[in-house]
Amino acid sequence: MRTRLLITLIIFSFIGYSQNWNVFNPNYRYNYKFDNSAVVTNVIFAQSSGANASQTVCITNTIGVVNGGTLSLDQPQFLMRNINSMSNGTVILTDPSTITIVPKSSVGQSWVFDQGNNFTATCVSTSTQSIFNVMDSVRTIIVNNVDSIILSKQFGILQFP
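What counts and what doesn't
- Residues numbered from 1 in each chain as written.
- Predicted model: local features only at pLDDT ≥ 70, side-chain atom pairs only at ≥ 80, totals over all residues.
- Heavy atoms only, no water.
- Helix = DSSP H or I, 4+ residues; strand = E, 2+ residues; numbered from the N terminus.
- Buried < 20%, exposed > 50% of the residue type's maximum accessible area, 1.4 Å probe, protein only.
- Pairing = 2+ DSSP bridges.
- Axes fitted to C-alpha atoms, helices over the stretch in contact; angles between N-to-C directions.
- Core = buried A, V, L, I, M, F, W, Y, C linked by side-chain atoms within 4.5 Å.
- Contact = heavy atoms within 4.5 Å.
- Phe/Tyr/Trp six-rings, centres within 6.5 Å; stacked < 30°, edge-to-face > 60°.
- Patch = residues over 30% accessible without salt bridge, like charges linked within 9 Å, V, L, I, M, F, W, Y side chains within 5 Å.
- Areas by Shrake-Rupley, 256 points an atom, 1.4 Å probe, with all protein chains shown as cover.
- Salt bridge = Lys/Arg side-chain N within 4 Å of Asp/Glu carboxyl O.
- pLDDT = per-residue confidence, 0-100.

Draft legend 1. Examining unusual backbone geometry more closely. For the peptide bond that leads from Asp 95 to Pro 96, omega is 15°, which places it in the cis range. Locating Pro 96 in the fold gives a position in the loop between strand 7 (91–94) and strand 8 (98–101). Here the phi dihedral of Met 80 falls at roughly 70°; this positive angle occurs in a residue that is not glycine. Its place among the elements puts Met 80 in the loop between strand 5 (70–75) and strand 6 (82–86). Given the relative accessible area of 9%, Met 80 is considered buried. Although it is not a glycine, Asn 118 sits at a positive phi angle of roughly 60°. Tracing the sequence through the fold places Asn 118 in the loop between strand 9 (110–114) and strand 10 (119–131).

Here it is, written out as structure tokens:
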């Protein structure tokens, strides 16, 4: 009886802490680095968030960008400025452009990823991998047959074009 109870508690603790394919959790700080960098290059977190019956909206932190010797403040990072998690599971990243991610997509499913640039995304694989020493479900999505997005069920976006 104790063993069953322990196993049940362990299972429910993992279910309670998992993200369930959320691309972005407003309670986390995400550290990203560019491919060839040895150190963290981007830290993304929610400056504010709110929810209603149909969606959760997170406003991400902004950065200063130097362009030609001029500093522009309040600029969005690569995940855009607004992250809208819809009740159907679709995630829409907006400002300055609009990107759509379908985290619960099935293999072979395609959708319009970036309407402004006419980019399409297709889920090409689902697998189980060890991410940060935790076995996790992972989806690989190809954007415009070139770039890959890798999503983790527990940790969100692991790789973004």
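Draft legend 2. Examining the sheet that holds strand 12 (residues 147–152) more closely. In space, the 5 strands of this open sheet follow the order 9-10-11-12-13, with antiparallel pairing throughout. Strands at the two margins of the open sheet, each flanked by one partner only, are strand 9 and strand 13 (156–159). On average, adjacent strands in this sheet sit at an angle of 40° to one another, irrespective of strand direction. Here strand 10 pairs with strand 11 (residues 134–143) via 10 bridges, running antiparallel. Bridged to Ile 131 within strand 11 is Val 134.

Draft legend 3. Representation of the sheet that holds strand 3 (residues 55–60). Across the sheet, which stays open at both edges, the 6 strands sit in the order 1-2-3-6-7-8 with antiparallel pairing between neighbours. In this open sheet, the two strands that pair with only one neighbour each are strand 1 (29–32) and strand 8. Taken over all neighbouring pairs, the strand axes of this sheet differ in orientation by 25° on average, direction set aside.

Draft legend 4. Geometry of the nonpolar core. Formed by 26 residues in total, the largest nonpolar core has its most connected members in Leu 79, Leu 93, Ile 101, Phe 113, Leu 151, Ile 157 and Phe 160. With near-sequence residues (within four places) excluded, Leu 79 lies in contact with Tyr 32, Ile 44, Leu 93, Ile 157 and Phe 160.

Draft legend 5. Main features of the packing of aromatic side chains. Evaluated as defined, the whole model comprises 7 aromatic pairs. Summarising the aromatic geometry, the rings of Phe 132 and Phe 155 are spaced 5.0 Å apart at their centres and angled 80° between planes, so their arrangement reads as edge-to-face. Taken together, the residues span a long stretch of sequence, with Phe 132 in the loop between strand 10 and strand 11 and Phe 155 in the loop between strand 12 and strand 13 at a distance of 23 residues. A relative accessible area of 24% places Phe 155 in the partly exposed class.

Draft legend 6. Region of interest: a nonpolar patch on the surface. A cluster of nonpolar side chains, contributed by Val 66, Leu 71 and Leu 73, occupies part of the molecular surface with about 340 Å² of accessible area. Residue position: Leu 73 is located in strand 5.

Draft legend 7. Structural detail: the confidence of the model for the protein chain. Taken residue by residue, the protein chain gives an average pLDDT of 86. The fraction at 70 or more is 88%. Taken together, the stretch residues 1–17 has pLDDT below 50 and engages in 1 contact with residues farther than four places along the chain or on a different chain.

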